[in-house]
Amino acid sequence: MATSPKPSMETHPDIIDMRQRHEMAERATTTPQGQAIETLALLTGLYLAASPWITGFNGLSTLAVSNLITGIAYALLMSGGFGRAYERTHSMAWAACALGVWAIVSPWVVAGNVSTTKTIVNNIITGALALLLALAASAAARAAETTHARRDMSAPYASGRG
C-alpha cells in the first residue's frame, strides 16, 4: 500500500497568509510615518503616566493614579508592546483612542476635587495628542489592510488562475 507524501506545513494556506500579513505589517511599521507615530505615541504615553509628578498635581492621588495607569496602557498599546502587526494594531489604536478621550475627561470624572487649571490643561493637551496619534495609527493600519486586501483580490488574476 503506497502512501502519498504529506504536504509541508510551509505550504499550508494559513501559514502562507500569515507570512504575507507579517511582511505587510513589517513594511508598514518600517515607514518613517509609522516609526514617527510609534515614537510620538510612546513619548505621549510616558508623559501622561509621569505628568502628575512633572506638572505637580501628584497630591491629587485619584487623578495621578488614573494618569499613571492610562499613560502606561497607552504607551504599551501604541508602541507595539503587545505586537507590531498592523492588523492587530488597528484594533489597539481604537482602544488607544478611548484612552485619549479618557485622559481628556478624567479631571471631571474621577473622584475628588481634581479639576484644577493644571490638571485640565495638562490632560486636555495630552489627551488630544494621544487621540490624534491613535487616529493616525488607525488610519495607517486601515491603509495597510486596504492595500493587502487589494493585492489579495488581484492575485488570482495576475497569476492567471482566475
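Structure's up top.
Residues numbered from 1 in each chain as written. Predicted model: local features only at pLDDT ≥ 70, side-chain atom pairs only at ≥ 80, totals over all residues. Heavy atoms only, no water.

Enquirer: Describe the side chain of Thr 126, naming the residues involved and giving the relevant values.
Expert: Along the chain, Thr 126 turns up in helix 5 (residues 117-159). Judged by its relative accessible area of 6%, Thr 126 is buried. At a separation of 2.8 Å, a polar atom in the side chain of Thr 126 contacts the main-chain carbonyl oxygen of Asn 122. Ignoring sequence-local partners within four residues, the contact set of Thr 126 consists of Thr 44, Tyr 47 and Leu 48. (Helix = DSSP H or I, 4+ residues; strand = E, 2+ residues; numbered from the N terminus. Buried < 20%, exposed > 50% of the residue type's maximum accessible area, 1.4 Å probe, protein only. Polar contact = N/O pair within 3.5 Å; in protein donor to acceptor, adjacent residues only side chain to side chain. Contact = heavy atoms within 4.5 Å.)

Enquirer: Break down the nonpolar core for me, citing the residues and quoting the values.
Expert: With 14 residues, the main nonpolar core has Ala 41, Tyr 74, Met 78, Ala 96, Ala 134 and Ala 137 as its most contacted residues. For this core, the elements supplying multiple residues, two or more each, are helix 2 (32-55), helix 3 (61-78), helix 4 (86-109) and helix 5. Apart from residues lying up to four places away in sequence, Ala 41 is in contact with Tyr 74, Met 78 and Leu 133. (Core = buried A, V, L, I, M, F, W, Y, C linked by side-chain atoms within 4.5 Å.)

Enquirer: Can you tell me about the environment of Trp 94, naming the residues and giving the values?
Expert: With respect to the secondary-structure elements, Trp 94 resides in helix 4. A relative accessible area of 47% means that Trp 94 is categorised as partly exposed. Along the chain, Trp 94 and Leu 135 lie 41 residues apart, while their C-alpha atoms are 7.4 Å from each other. In this structure Trp 94 touches Leu 135 and Ser 138, once residues within four positions along its chain are discounted.

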